[in-house]
Amino acid sequence: MKTIRVSFGDGYDIIVGDGIIKTLGKSARALADTKDASKALIVSDSSVSDACLSEVSMSLKLAGYTVSTYAIRPIEVVRRLNTVSEVCSEAAKAGFKRGDFFVALGDITACDIAGMAAGLFLCGSPLITVPTTTLAQIARTVGNCHNVDLPEEQRVLGVRWLPSLALCDTALLAGQTKRNAASGIAEIIRMGCVVSDKLIDELDGAAGDMEKLIVRAITTRIKLIGKDDRVSIHKSLLHFGSLMSHAIEEVSGYSFDHGEAIAVGMVITCAAGERAGITQVGTTEKLEQILKKYGLPTTSNIPAERLIRTVAQDRYITGSTMSLPMIKSIGDGFMHRMNVVELRNFFISSLPDWAK
């Protein structure tokens with residue numbers, strides 16, 4: 001078991017270990033934010049097993065908390081403000097008072113819904129995060145902006161709300177789907193691309209020591225973001241490939257999983273960098289080999305013009321210039337400043353044959 005201290009906000013701990021969910025109630029009683037609480041609401045998704053939910057609930061009950069639960073489906077259509085509202089209503093029905101807390105138990109969607117509800121209820125209620133997938137254990141424990149969709153556009157509503165504690169039980173990762181596992185691997189590869197190729201090398205031994213890999217990924221993410229995730233410049237590097245992956249997800253109607261879209265988005269972005277002379281020749285081929293090794297896609301059947309049109313409408317593009325996360329080589333990321341009018345040519349001339 002490893003405890004990692006995060007300095008964001010008032011500071012909080014991320015505990016990584018095998019079988020640690022049984023300590024949740026005891027850990028909650030030890031926290032200043034939740035030690036005097038009387039109630040807890042677990043927000044889980046349907047991928048969480050009954051046994052896991054029961055163990056988490058029992059741990060809290062044994063610590064003296066009255067426990068309520070709210071289950072959501074781990075799909076895109078529930079990532080809406082009305083779901084957050086339903087969770088808040090559940091807390092109100094349970095008689096939540098200031099200090100009572102939310103527990104996020106599940107994948108990214110459950111963590112976002114619970115995190116946003118916690119940030120809004122009573123102008124902010126304590127949150128304990130218990131992510132159950134590789135991606136969520138990495139991406140929803142550090143730099144927490146919880147977001148939901150509008151019917152018109154994805155991820156446009158968000159709340160920055162830090163947990164009081166994050167428990168990453170690596171035993172739970174055995175129960176994630178293959179696509180969820182692949183999404184986590186894609187995120188680790190992306191971090192390795194912009195920070196350290198050694199992180200990618202450690203994937204080979206992941207099956208034997210997931211705790212070590214998760215700890216390494218989390219500490220790398222903390223180091224990259226720095227002391228304040230609200231103003232971190234380097235945090236933008238974590239979005240390498242995102243401009244194109246967002247387009248792939250949207251145009252495909254989310255038939256591409258998050259990790260699959262990231263993988264293809266990184267390949268396109270890397271190829272564009274090679275064509276522009278800012279990425280070392282041969283880097284794209286190396287990246288494709290890494291992604292294929294872990295069963296991640298490197299191509300899509302989406303026409304180039306549809307991708308470019310969607311990229312041009314991305315909400316993160318503001319003003320006449322933008323900074324695009326790029327890599328010089330595997331493990332060496334940087335921000336490339338460019339004029340927005342150059343964006344189309346930057347990508348269109350580098351899209352591979354499958355996209356033309």
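Let me begin by describing the structure that accompanies this report. The structure presented is a predicted model; accordingly, all values stated were derived computationally and were not measured.

1. Digging into the state of the cysteines
The term disulfide refers to a covalent linkage connecting the sulfur atoms of a pair of cysteines.
Here comes step 1: Here the structure, examined in full by the defined rule, presents zero disulfides.
Here comes step 2: This cysteine, C123, is not joined by any disulfide, and C88 carries the nearest cysteine sulfur, 11 Å off.
Here comes step 3: The thiol of C145 is not disulfide-bonded; the next cysteine sulfur, from C111, is found 14 Å away.

2. Considerations on the pattern of salt bridges
Here comes step 1: A full pass over the atoms with the stated rule returns seven salt bridges.
Here comes step 2: Among the ionic pairs, D13 bridges to R5, the shortest N-O distance being 3.1 Å.
Here comes step 3: Since its relative accessible area comes to 25%, D13 is described here as partly exposed.
Here comes step 4: Note that D112 is salt-bridged to R79, the shortest N-O span being 2.4 Å. With D112 in helix α4 (residues 108–120) and R79 in the loop between β4 (66–72) and α3 (81–93), the pair connects residues that are 33 residues apart, well separated along the chain. As far as burial versus exposure is concerned, D112 and R79 are alike and both buried.
Here comes step 5: Connected via shared salt-bridge partners are R79, D112 and R140.

3. Quick notes on helix α11 (residues 283–293)
Here comes step 1: Among the residues of α11, T283, T284, L287, I290 and L291 are the ones counted as buried. Viewed along the axis of α11, the buried residues span an arc of 125 degrees, placing them on a single side of the element. Among the exposed residues of α11, those oriented more than 90 degrees off its buried face are K292 and K293.
Here comes step 2: Buried positions along α11 lie against α6 (178–194), α7 (197–201), α10 (258–276) and β10 (321–329).
Here comes step 3: Downstream of α11 by one or two residues, G295 has phi in the positive range, about 75 degrees.

Scoring rules and cut-offs
- Residues numbered from 1 in each chain as written.
- Predicted model: local features only at pLDDT ≥ 70, side-chain atom pairs only at ≥ 80, totals over all residues.
- Heavy atoms only, no water.
- Disulfide = S-S within 2.5 Å.
- Salt bridge = Lys/Arg side-chain N within 4 Å of Asp/Glu carboxyl O.
- Buried < 20%, exposed > 50% of the residue type's maximum accessible area, 1.4 Å probe, protein only.
- Helix = DSSP H or I, 4+ residues; strand = E, 2+ residues; numbered from the N terminus.
- Arc of directions from axis to C-beta.
- Contact = heavy atoms within 4.5 Å.

Everything listed here is a matter of geometry and, on its own, says nothing about what the molecule does.
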